[in-house]
Amino acid sequence: MVPKSLVTVICCLYSACLGDAHYNTIVWVNTVEVMRHSGGHLPFEAEVSKYFLHGATNRLTVAVNNTLTPTTLPPGTITYQNDTSRYPEGYFTQNIQMDFFNYAGIHRPVLLYTTPSQYISDVTIVTRFNETAAYIQYNVEAQSTSAVVVTRVLNADGKAVGFEKGLSGVIVLTSYSLWWPYTMSNTTYAYLYTLELTLISSSEGSVIDIYRQPFGIRTVNVTNKQLLINNKPFYCLGTSHYPYAEEIMDEADRFGFVVIDECPGVGIKSNNLGNVSLEHHKSVMRELVARDKNRPSVVMWSVANEPVSADTNAGPYFKEVISTTRQADSTRLVTFVIGPSDYWKDQVVPYVDIICVNHYYAWYSDMGHIEVIGLQIKQDLDMWHKTFNKSIILSEYGADTISGFHSVDYLKAHHTVFDVLRNDYLVGEMVWNFADFMTVQGVNRPYGNHKGIFTRQRQPKPAAFTIRNRYVSLGTQH
Ligand code: E9O
């Protein structure tokens, strides 16, 4: 219900914003449909003022359907059973192609917010620097015909250090602090500025709207053997994947965590590479970039996890998804994550900036034989590097472990080979996963996936201590 008091002020516009609803959503205000959206994990909104009944109680209704089909992201299928001797009439099942429970519903906050009738609707900030200055380029979208935008850069203490006028411009700072990722030896990390935009009426000179956007000054680059943040080599440690809530992304900006921002494109198979899927995938990437484009924590976009990258249709499909992503943001790297696949069959790696590979040697193959891990990882990653001459991140590794049991030796066998390869082309290692998580039922999934280094209740397993020790020792070397 929308409180009555909110709808009595008529000089404002009201927007309804859903942080995420999975998967197909229809939203009504009272009896009027105001928006539809397809896709989970990302926000969507509509301006709804004109549908409010003033002085009355208003109702916002949201209908959500989580059915996954060959053209959704992630994709899935529906199987109908016609044998009525074994299944009830009209029986069907949902099959999914990912290792997550297909939760339905609204997962993130629903906000009703107001703006003035003329307002600042968007801003894009791009930063770069050299020895003498930092350059803050901004581009504002304002819903206004005549107003003027005044822009100030505020430092972390709230002091104005830069100034400009107009919908777009470049503010030059001759003295500045960079946004650095958190490392244990670095005490000046995650420095955030604020771009303060003020919309001023050109006729009356009065302030119409103010918008404040945090940002950091930092750059991202890659060579064939290094990932560079602010021109310094950076080695990724952490857990992967999929789009996080905006609150988590805010924390990443503030605490100096580096994020590979991935869309929910997990488990794409050959029948998911058609035009309908492609158009939807492109619009999901645009939505992801629109949400996170000003975040210094985000250094890379990932367009998919473990797609069928050896399929001949995967080349043209991902070429287009990747180029759409680059059009939306040319300042960050773009990648996808390789699942079980062979370097000599891959169709997609030529289009990415950096190679991400998932490996489970001695788990999904040669189960328990941890003595082969080092050999097999080196052999495979060497070949990916030799074939494509790009830096590599080992983006998933790990073993399911019931709490109280050990996967420590399994992890350590990986760390030994990582220590060899990180002197060469390996620029990151990400254990899968932070915590145990729910999946669809399956014979190999007793109450979900147990690859967490923490339990689902966030209690540490022995693996968590192994990973912490490693991250501490690597962290102090930076
Ligand atoms: C994606 C992640 O969401 N990667 C999967 C993880 C898993 O444990 C999942 O939780 O299932 C790993 C896929 C590796 C499949 C290897 C199959 C090899 C058969 C020989």
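Bear in mind the structure is a predicted one, so any value in this text is a computation, not a measurement.

Participant: What should I look at first to understand the pattern of salt bridges in this one?
Facilitator: Side-chain pairs of opposite charge can arise whenever the charged atoms involved come near each other. As enumerated under the stated definition, the model contains 24 salt bridges in all. Note that Arg 445 and Asp 99 form a salt bridge whose closest N and O atoms lie 2.8 Å from each other. One end of the pair, Arg 445, is in the loop between strand 27 (426-431) and helix 6 (462-475); the other, Asp 99, is in the loop between strand 8 (92-96) and strand 9 (105-106), and 346 residues separate them in sequence. Here Arg 445 falls in the buried class, since its relative accessible area comes to 10%. Exposure remark for Asp 99: the relative accessible area of 26% places this residue in the partly exposed category. Here the salt bridges do not stand alone but share partners, grouping Asp 250, Asp 253, Arg 291, Asp 292 and Arg 295 into one network.

Participant: It is not clear to me how the sheet that holds strand 14 (residues 160-165) should be interpreted in this structure. Could you clarify?
Facilitator: Hydrogen bonds between backbone groups are what pair the strands of a sheet, and the pairing can be parallel or antiparallel. What the four strands build is an open sheet, ordered 14-13-16-17; its pairing is antiparallel. Across the chains shown, the open sheet's two edge strands, defined by having one partner strand only, are strand 14 and strand 17 (207-215). For this sheet, the mean angle separating the axes of adjacent strands, direction not counted, is 20 degrees. Of the strand pairs in this sheet, strand 13 (residues 148-154) and strand 16 (residues 193-200) are connected by seven bridges, and their pairing is antiparallel. The residue of strand 16 that forms the bridge with Arg 152 is Glu 196.

Participant: Before we go on, may I ask you to explain the nonpolar core in this structure?
Facilitator: Soluble globular proteins tend to bury their nonpolar side chains together. Formed by 68 residues in total, the largest nonpolar core has its most connected members in Val 303, Phe 318, Leu 381 and Trp 384. The greatest single-element share of this core, amounting to six residues, is contributed by helix 5 (residues 408-421). The contacts of Leu 381, once residues within four sequence positions are left out, are Val 357, His 359, Ile 392, Leu 394, Leu 421, Tyr 425 and Leu 426.

Participant: Is there a simple way to explain the environment of Asp 83 in this structure?
Facilitator: Looking at where Asp 83 falls in the secondary structure, it is placed in the loop between strand 7 (76-80) and strand 8. Sequence separation between Asp 83 and Thr 183 is 100 residues; the distance between their C-alpha atoms is 60 Å. At 2.5 Å, the side chain of Asp 83 forms a polar contact with the side chain of Ser 85.

Participant: Even after reading the chapter, I still don't get the pairing of strand 15 (residues 168-173), so can you show me in this structure?
Facilitator: Successive residues of a regular strand alternate their side chains across the two faces of the sheet. In strand 15, alternate side chains face the same way, and those of Gly 169, Ile 171 and Leu 173 are buried while those of Ser 168, Val 170 and Val 172 on the opposite face are not. Where strand 12 (residues 134-143) lies against strand 15, six bridges are found, and the strand directions are antiparallel. From the neighbouring strand, Asn 139 faces strand 15, where its bridge partner is Ser 168.

Participant: Is there a simple way to think about the domain arrangement of the chain in this case?
Facilitator: Accessible area lost when the parts come together is the quantity often used to give the size of an interface. The domain boundaries assigned to the chain delineate domain 1 (5-66 + 102-113), domain 2 (118-215) and domain 3 (220-475). If you average the C-alpha positions of domain 1 and of domain 3, the two centres end up 34 Å apart. With ten residues of domain 1 at the interface, the matching set in domain 3 holds 13 residues. Of the roughly 880 Å² buried between domain 1 and domain 3 on both sides combined, carbon and sulfur atoms contribute 55%. Inspection of the region where domain 1 meets domain 3 yields zero salt bridges.

Participant: For this particular structure, what's the right way to read the environment of Glu 47?
Facilitator: In this structure, Glu 47 sits in strand 5 (residues 44-47). Between the C-alpha atoms of Glu 47 and Leu 13, which are 34 residues apart in sequence, the distance is 7.0 Å. Each residue touching Glu 47, except ones within four places of it in the same chain, is listed here: Leu 13, Tyr 14 and Ser 15. Side-chain polar atoms of Glu 47 contact the side chain of Ser 49, separated by 2.4 Å.

Rules used in this analysis
Residues numbered from 1 in each chain as written. Predicted model: local features only at pLDDT ≥ 70, side-chain atom pairs only at ≥ 80, totals over all residues. Heavy atoms only, no water. Salt bridge = Lys/Arg side-chain N within 4 Å of Asp/Glu carboxyl O. Helix = DSSP H or I, 4+ residues; strand = E, 2+ residues; numbered from the N terminus. Buried < 20%, exposed > 50% of the residue type's maximum accessible area, 1.4 Å probe, protein only. Pairing = 2+ DSSP bridges. Axes fitted to C-alpha atoms, helices over the stretch in contact; angles between N-to-C directions. Core = buried A, V, L, I, M, F, W, Y, C linked by side-chain atoms within 4.5 Å. Contact = heavy atoms within 4.5 Å. Polar contact = N/O pair within 3.5 Å; in protein donor to acceptor, adjacent residues only side chain to side chain. Domains from an automatic or database assignment. Buried area = accessible area lost by both parts, 1.4 Å probe.

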